[in-house]
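Descriptive analysis of the structure
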Amino acid sequence: MDTVKHSVFSGMRPSGRLHLGNYIGALQNWVALQDEFRCIYCAVDVHALTDMQGEATREIQPNIREMVLDWLAAGVDPERSLVFVQSQVPEVMVLHTLLSMVTPLGWLMRVPTFKDKVRQLQETEESVSYGLVGYPVLMTADIILYKADTVPVGEDQLPHLELAREIVRRFNHLYGHTFPEPQPRLTEYPLILGLDGKQKMSKSLDNHIELAATPEETSARVKTAFTDPQRLRRTDPGRPSICNVYALHKLFNPDKLDEVYQQCTSAQLGCVDDKQLLADGINKTLEPFRERRREFVEKSGYVEEVLQEGARRARAIARETLSEVRDKMGISEVTL
Ligand code: ADP
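Residues numbered from 1 in each chain as written. Predicted model: local features only at pLDDT ≥ 70, side-chain atom pairs only at ≥ 80, totals over all residues. Heavy atoms only, no water.

1. Some thoughts on the domain arrangement of the protein chain
Its domain assignment divides the protein chain into domain 1 (7-192 + 300-329) and domain 2 (215-295). Computed from C-alpha atoms alone, the centre-to-centre distance between domain 1 and domain 2 is 33 Å. Summed over both sides, the interface of domain 1 with domain 2 buries roughly 940 Å², with 70% coming from carbon and sulfur. Among the residues of domain 1 in contact with domain 2, Leu20, Ala73 and Tyr189 are the three that bury the most area, contributing 49% of the side total. Along the contact surface separating domain 1 from domain 2 lie two salt bridges. Ionic pairing is found between Glu66 and Arg293, a salt bridge with its closest N-O pair at 2.8 Å. Scanning the region where domain 1 abuts domain 2 turns up three residue pairs in polar contact (both at pLDDT 80 or more). Contributions of two or more residues to the side of domain 1 that touches domain 2 are made by helix 1 (20-33) and helix 3 (60-74). Considering each element in turn, the side of domain 1 that touches domain 2 owes the most residues, five residues, to helix 3. Residues of the side of domain 1 that touches domain 2, tallied by class, amount to eight nonpolar, no polar and three charged. (Domains from an automatic or database assignment. Buried area = accessible area lost by both parts, 1.4 Å probe. Salt bridge = Lys/Arg side-chain N within 4 Å of Asp/Glu carboxyl O. Polar contact = N/O pair within 3.5 Å; in protein donor to acceptor, adjacent residues only side chain to side chain. Helix = DSSP H or I, 4+ residues; strand = E, 2+ residues; numbered from the N terminus. Nonpolar A, V, L, I, M, F, W, Y, C, P; charged D, E, K, R; others polar.)

2. Concerning helix 6 (residues 112-120)
All of the buried residues along helix 6 are Phe114, Lys117 and Val118. For helix 6, the buried positions fall inside an angular range of 100° around the axis, keeping them on one side. Looking at the buried positions of helix 6, the neighbouring elements they touch are helix 5 (105-110) and helix 7 (130-133). Of the residues flanking the end of helix 6, it is Gln122, one or two places downstream, whose phi is positive at about 55°. (Buried < 20%, exposed > 50% of the residue type's maximum accessible area, 1.4 Å probe, protein only. Arc of directions from axis to C-beta. Contact = heavy atoms within 4.5 Å.)

3. Remarks on the pairing of strand 2 (residues 38-43)
Taken across its six residues, strand 2 has six buried, putting it largely inside the fold. Covered by surrounding structure in strand 2 are Arg38, Ile40 and Cys42 together with Cys39, Tyr41 and Ala43, the residues of both alternating faces. Of the crossover connections in this fold, the one passing from strand 1 (residues 7-12) over helix 1 to the parallel strand 2 is right-handed. Pairing of strand 2 with strand 3 (residues 82-85), which is carried by four bridges, proceeds in the parallel orientation. Each bridged residue has a counterpart across the sheet, and for Ile40 the counterpart in strand 3 is Leu82. (Right-handed = clockwise from strand over helix to strand, strands pointing away. Pairing = 2+ DSSP bridges.)

4. A look at the site of the ligand
Near the ligand there are 17 residues, and of these Arg13, Tyr135, Gly154, Asp156 and Gln157 occur at the shortest range. A distance of 3.2 Å separates an oxygen atom of the ligand from a polar side-chain atom of Asn22. Considered on its own, the ligand offers 540 Å² of accessible surface; in the complex 92% of this is hidden by protein. Ranked by residue count, the leading element in the shell around the ligand is helix 1, at four residues. Per-class residue counts for the shell around the ligand are eight nonpolar, six polar and three charged. (Near = heavy atom within 4 Å. Areas by Shrake-Rupley, 256 points an atom, 1.4 Å probe, with all protein chains shown as cover.)

5. A few points about the pairing of strand 1
The buried count for strand 1 comes to five of six residues, which makes it a mostly enclosed element. Both strand 1 and strand 2 contribute to a ladder of six bridges, which runs parallel. In the sheet register, Ser10 faces strand 2, and the bridge partner there is Tyr41.

Below you can see the structure in the form of structure tokens.
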């Protein structure tokens, strides 16, 4: 393994194109960290199976391509970083099984995101799949297979990382120091709210704005955003402190913040015009990203090439770690 100071790992599920929350909350850090560290970025397709089943799984392959195009357009650089698909390094599934032997069920059932997900899927704790309960174990395997110690994620992933550290501590205690404890790396804005202004921006909640949307689609989406619920008439003054559109201005119109604040609180600026101003700011900020994405779309075979090379390099690291784990856990190597 390379003798670098830190090793970075992060993954995203191939659920389609990315949204502003993914970009601001995680992807910007993915790009920034490449300057200093060895980075490994993974399309976690097996994780996608926790809530995609049957016919829906036909979307996984096209989704991987769409998502990787977003990564490349954002500045993930395959010359410096490993980019690959989780299932193409099957060693992760073996490590997942081995880690599941040292992970108490109670730890998994207590994770707050597990309870949220059960509610969101309208299931019960008894009816959800074994895979959903074990989601953080697979995530831990993803990270530690590469002995990564730094994980750039959004705030919603913190409970999973806490659990990953507990699993690592337990493994290291039982089998001797093997893995570093993975630490989260948050961006300046680790939680972006959705257009409903209440829950995190998320594709599954349909409150998101896609990074690669057209300017027209972006404007149409922004128009659906909730603003200050007490602002019923055009002449009512707005309250930027509780308005998510204003929160998004901070990211996409930083030079217009004072003006927007002043005009909103004095009712000179109505919500319709305010939203158009936000859409213009988003479109202007994302134009270079969208342009680069168009260029990558036209590079025939490039995404496939990147993923193949990434899987090859990732597998070499994975085999080495897995061999060490098997040895420590008394599970013999495959000699066939
Ligand atoms: P998963 O579905 O596996 O939880 P996602 O694919 O939804 O992960 O998200 C990928 C990354 O984007 C994760 O690091 C996650 O924390 C981050 N992220 C997702 N939604 C938001 C959001 N609304 N605000 C900030 N970060 C987010």
